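# Fold and contact review
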Amino acid sequence: MEQLVLRARAAFQTGRSRPLSFRLQQLRALQRMVQECQKEILGALAQDLHKSEFNAFSQEVVSILGELDHVLEKLPEWVAPEPAKKNLLTMMDEAYVHSEPLGVILIIGAWNYPFVLNIQPLIGAIAAGNAVIVKPSELSEKTATLLAKILPQYLDKELYQVINGGVKETTELLKQRFDHILYTGSTGVGKIVMEAAAKHLTPVTLELGGKSPCYIDKDCNLDIACRRVTWGKYMNCGQICIAPDYILCEPSLQSQIVERIKETVREFYGEEIKKSPDYERIINLHHFKRVTSLLEGQKIAFGGETDEATRYIAPTVLTDVNPNSKVMQEEIFGPVLPIVPVKNADEAIQFINQREKPLALYVFSNNNKLIKRMIEETSSGGVTGNDVIMHFTLSSLPFGGVGNSGMGAYHGKHSFDTFSHRRSCLIKKLKMEGANKLRYPPNSQSKVDWASFFLLKRFNKVRIGLFFLAFLGILVAITVKFQYC
Amino acid sequence: MKVPELPCRPSRIPCPHDSLLNNKWVNPYADTLKRLRDAFDSGRTRPAEFRLIQLRGLSRFLNENRKLLLDTLAQDLSKPAFEADISEIILCETEIKLALNNLHTWMKDERVEKNLVTQLDSAFIRKEPYGVTLIISPWNYPLNLLLMPLVGAIAAGNCVVLKPSEISKSMEKVIAEVLPQYLDKNCFATVLGGPQEATILLKNRFDYIFFTGSPRVGRIVMSAASKYLTPITLELGGKNPCYVDDNCDPQNVANRVAWFRFFNAGQTCVAPDYILCTRETQEKLLPALQNAVTQFYGKDPQGSPDLGRIISDKHFHRLRGLLGNGRAAIGGQSDEQERYIAPTVLVDVKETDPVMQEEIFGPILPILNVQSIDEAIAFIRKREKPLALYAFSKNSKVVNKVLDQTSSGNFGGNDGFMFMTMTSMPFGGVGHSGMGEYHGKFTFDAFSHRRGCLLRSPYLEMIDKIRYPPYSPGHQRLLVWILEHKLSFPCSIL
């Protein structure tokens, strides 16, 4: 493990990952990899998650191709130094912020979107000029193996490595020193990662989870709301970190919501859901048993069928759920949708605030004021109003959690920033020492006054211009006056 | 005993966390933290008006107590009034003024570029306070390093617990007794004490921790923060190298390096820690440095009112021990009574000497000889990334070479840490010198959670129909067509 990381570090030290042309070349190679190995990628995803080709393509591959396009286009802009506003004392100097690579990045991916969650951060890390170690989740075995096979075929073998393994290997890996760690996974393991990072003072980005609430207002288009919730909830068999975890609504809405979701499920997956190629399965037996146990003692409005042999759990809705029951204690990460009745929006806000900050918040309402209020009075990683999931797809929005749902953010330029160090540079000339005499001892009160003037005023061209104009005006006035006297 | 993972935050539901932190002891900070958390949950700190009132309070604190603050800094560090004014009071006034003038702009939602599918939606980044935050500040700039983060924390709408350093005793007293008179008592609290108290304080849950201090303690803070997944900014330290090229004006270089090194008696995290230069340049620098020291502090620097003193006996003895490394070409004197260390330049220093093993944090400047700029760069790269890095040369190519081939928190070319006066550039470390950044708007950003928001129309369902199952080969063909025609902007799924 140590050898592999040292190899990446040595490769980084050569400096070859830094030039823009190299980064673009690697990203284009990654693009070719995704295009040329598409069949294999889709195949691996199908095996790991029982994912149909279209789902794998639209949910994983498309995201990556879009991100690559965007980064390839914008990277030259991002690497350029950003000039900074100067003050009077520094107005003759060069001042700018320069984004630099951090060094060796560790990306620990999750199993639910095993392609996207490894490759999207990788894109950002490469774009920022780093060396990268990718550690895919061992639970999505086929994708992990595939990545280890194809990545070295397209990318620099020493700079970018895939390391596979289980808990033991990951623990060993976390003992090594990295310059940034991006971890996607559970809150519990997130704490372990941060603790390990603390030993080396390694900054971290943690993309964790939580129970993302979904409030459905009585003043909303229930058809559309339910259709969208159904789409977002049962996608990937509910195994999404930003799935609407549970619904909050007034008791009178429950049965209507249930009806509409039931209808939509039928529309999406047909009468025999098991036979639909568009419906996935639970990743493994452990999670199958975990999710199934959440159904115990609950009022199943529809769904609830399970099949251990194929790890199938039907799209399920629970009603009149008790906030203290097991299904409301942990992130469900499965196709089970509890509805918790609340009196009104106030109670919904209170309910949400009593719990840990979630990764996403969803609100469905025709009343914009209500949506704004729910956003203002709660906190979450991100928000989508009148839909679910979609804020994830806009890479100009930083994607990340807060509190127990995580720290840091990425996607698009936010990835580039996460994996860069922004180094402030102030470069003076070695002459004009006279100007500096003001600051050297021996000191006096007048020096303090001058310092105060220079520091508290910014270098403002407009103001100086106006001052100059005023001065000129006075000069003219005086000259004219003298002429007349 | 394992602390259970509870779904509640210590707000409206009373959290058993406190008494379970350690089976036997009671949390002395429970009441204070509850008060602040209740205040935050009530929404008190969110309106711009509240934040402006607190910031104006800070401004009045500085204005009305200027003499007291200068005297306090003199008591703790024998800080000359000029140094105290410019590095502590004026810099803080600048930050407060900037926040007062720009708060509304900073608080505004940031609109972002949309993609094809979200064209008709509202997409923006909302800046939100984290909640109850903790600022731990050190003793070397006990006012600045407490107030500057505080300005940002307040501007961002947080409640703040302040933990000033117990080593700068006089300032600690002022922060505890005078500052609270200018701030809302329910939203801001000061906690006093040493390492023991800080350890207990850190067992509590905060929503953000801002720490300035040593890398060693930085690790402890991050480890404590990891128990609650608390995001942090760590402003740490290191040995800041100062490369002096042969092609330079020795007196100009000497003036600049000497001033930044001996400012605050060398107790500055961004001071040039050691010089790297050739032997020839060293021969030219030494008389120039002596010249600078005499010019600044007179023939007997101990009598100069413009030179500070070492903060404590412990640090004094530590520094005195370093005086024996190499040979003192300039200075080398010390006075235990006054905790005075003369502005000292050491030569014939070896890489393995104690003075090259830790951040000096005193008025001692070792010079190490290198044969070339490449050797200097190799020397720098072997070591931990420093907080600041300096290069002096008349040739801008040389300065840029050092910049390109090294890494550091910040970089100064042909001068010392003037970048500290610029609120428009982020200040922070990298690697062992820290993580995160602040100053000016960057402090506001450090203390804010940037929440990505997408507000979609409840109508126009037609556009979204493509995403719903059941899927057909047609769906895939359509998607591929759209991708190939690059109709997507900053996006993942369309």
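In this text, all values refer to a predicted model and were calculated from it rather than measured experimentally. In every chain, residue numbers begin from 1 and rise along the written sequence. Here chains are named by letter from A upward and ligands by number from 1 upward, in the order in which they appear as written. Local features in this predicted model are restricted to residues whose pLDDT is 70 or higher, and side-chain atom pairs enter the listing and the counts only when it is 80 or higher, whereas totals over whole chains, interfaces and linings include all residues. As a rule here, side-chain values come from all non-hydrogen atoms in the structure, and water together with hydrogens is ignored.

## Structural notes on the UniProt feature "domain: Aldehyde dehydrogenase" (unreviewed entry) in chain A
Here is the rule we go by: UniProt positions are given in the numbering used here, feature names are shortened, and annotations may be inferred rather than shown by experiment. Secondary structure is summarised from DSSP: a helix means a run of H or I of at least four residues, a strand means a run of E of at least two, and numbering begins at the N terminus for each.
Taken from the UniProt record, the annotation "domain: Aldehyde dehydrogenase" (unreviewed entry) applies to residues 3-422 of chain A. For residues 3-422 of chain A, the helix share is 43%, the strand share is 17%, and the end-to-end C-alpha distance is 29 Å.

## Structural notes on the packing of aromatic side chains
How two aromatic rings sit relative to each other is set out by the distance from centre to centre and by the angle between their planes. Put simply, the test is: Geometry of aromatic contacts follows a simple scheme: Phe, Tyr and Trp rings, the Trp one being its six-membered ring, pair when their centres are within 6.5 Å, and the pair is stacked under 30 degrees between planes, edge-to-face over 60, tilted otherwise. Summary of the burial criterion: residues with accessible area below 20% of their type's maximum are buried, those above 50% are exposed, and those between are partly exposed, where the area comes from a 1.4 Å probe applied to protein chains only.
Within this structure, the stated rule accounts for 28 aromatic pairs over all chains. Where Trp111(A) meets Phe333(A), the ring centres are 5.4 Å apart and the plane angle is 85 degrees; that geometry is what we call edge-to-face. With Trp111(A) in the loop between β3 (104-108) and α5 (116-127) and Phe333(A) in the loop between β13 (316-319) and β14 (336-341), this residue pair connects regions lying 222 residues apart in the sequence. With respect to class, Trp111(A) is no different from Phe333(A); both count as buried. On the numbers, 4.6 Å between centres and 70 degrees between planes, the contact of Phe260(B) with Phe417(B) is edge-to-face.

## Digging into the sheet that holds strand β8 (residues 241-244) of chain B
As a reminder of what qualifies: One bridge is not enough; two strands pair if DSSP finds at least two bridges between them. Contact between two residues is taken to exist if any of their heavy atoms lie within 4.5 Å; hydrogens are not considered. For every element, the axis is a line fit to its C-alpha atoms; helices are fit only across the contacting stretch, and the angle between N-to-C directions ranges from 0 to 180 degrees.
Spatial ordering of the open sheet is given by β1(A)-β2(A)-β18(A)-β16(B)-β15(B)-β8(B)-β9(B)-β14(B)-β13(B)-β10(B), a layout of 10 strands whose pairing is mixed. With one partner strand each, in any of the chains shown, β1 (82-83) of chain A together with β10 (327-330) of chain B form the two edges of the open sheet. Two elements, β8(B) and strand β15 (residues 388-392) of chain B, share three bridges in a ladder whose sense is parallel. Its bridge partner lying in β15(B), Val244(B) is registered against Phe392(B). Contacts from helix α14 (residues 396-405) of chain B reach β2 (94-101) and β18 (420-427) of chain A together with β8, β15 and β16 (410-413) of chain B, with the element oriented near 160 degrees to β18(A).

## Digging into the environment of Lys74(A)
Mapping Lys74(A) onto the fold places it in helix α4 (residues 53-79). It is 32 Å that separates the C-alpha atoms of Lys74(A) and His200(A), two residues lying 126 residues apart in sequence.

## Some thoughts on the confidence of the model for chain B
When pLDDT drops low, the exact placement of atoms in the prediction is not to be read closely. Residues and elements named next belong to chain B. To keep it simple, the criterion reads: Values of pLDDT, the confidence the predictor places in each residue, fall between 0 and 100.
Across chain B, pLDDT averages 92, with 92% of residues at or above 70. Every residue in residues 1-20 is under pLDDT 50, and counting partners more than four places away or in other chains gives 43 contacts. Taken as a whole, residues 487-494 scores under 50 in pLDDT and shows 36 contacts with residues more than four places along the chain or in a different chain. Per the prediction output, this complex has pTM 0.93; the corresponding ipTM is 0.92.

## Quick word on the interface of chain B and chain A
Note on interface size: it is often stated as the accessible area lost on association of the parts. Selection criterion: By buried area we mean how much accessible surface two parts lose on assembly, using a 1.4 Å probe and totalling the loss over both. Salt bridge, as used here, is a side-chain nitrogen of Lys or Arg placed within 4 Å of a carboxyl oxygen of Asp or Glu.
Taken together, the contacts link 125 residues of chain B with 119 residues of chain A. Roughly 10400 Å² of surface becomes buried between chain B and chain A when both sides are summed, with 56% attributable to carbon and sulfur atoms. There are seven salt bridges connecting chain B and chain A. A salt bridge links Glu437(B) to Arg422(A), with the shortest nitrogen-to-oxygen separation between them at 3.3 Å.

## Observations concerning the domain arrangement of chain B
Residues and elements named next belong to chain B. Rule in force here: Annotation comment: domain bounds sourced from an automatic or database domain assignment. Polar contact is the term for a pair of N or O atoms within 3.5 Å; when the atoms are in protein, one must be able to donate a hydrogen and the other to accept it, and sequence-neighboring residues count only if both atoms are side-chain atoms. For this classification, the nonpolar set comprises Ala, Val, Leu, Ile, Met, Phe, Trp, Tyr, Cys and Pro, the charged set comprises Asp, Glu, Lys and Arg, and every other residue, Gly included, is treated as polar.
On domain assignment, one finds that chain B holds domain 1 (29-237 + 441-449) and domain 2 (241-432). The straight-line distance from the C-alpha centre of domain 1 to that of domain 2 is 30 Å. Taken together, the contacts link 25 residues of domain 1 with 27 residues of domain 2. Across the domain 1 to domain 2 interface the summed buried area is about 2200 Å²; carbon plus sulfur atoms make up 59%. Of all residues in domain 1, Glu 83, Trp 139 and Phe 442 give up the largest surface area on contact with domain 2, accounting jointly for 23% of the area buried on that side. Here domain 1 and domain 2 share zero salt bridges between them. Where domain 1 touches domain 2, the interface holds six residue pairs in polar contact (both at pLDDT 80 or more). When residues of the side of domain 1 that touches domain 2 are traced back to their parent elements, those giving at least two are α4 (66-77), α5 (81-107), α9 (215-226) and α15 (441-446). Looking at side-chain class alone, the side of domain 1 that touches domain 2 contains 12 nonpolar, six polar and seven charged residues.

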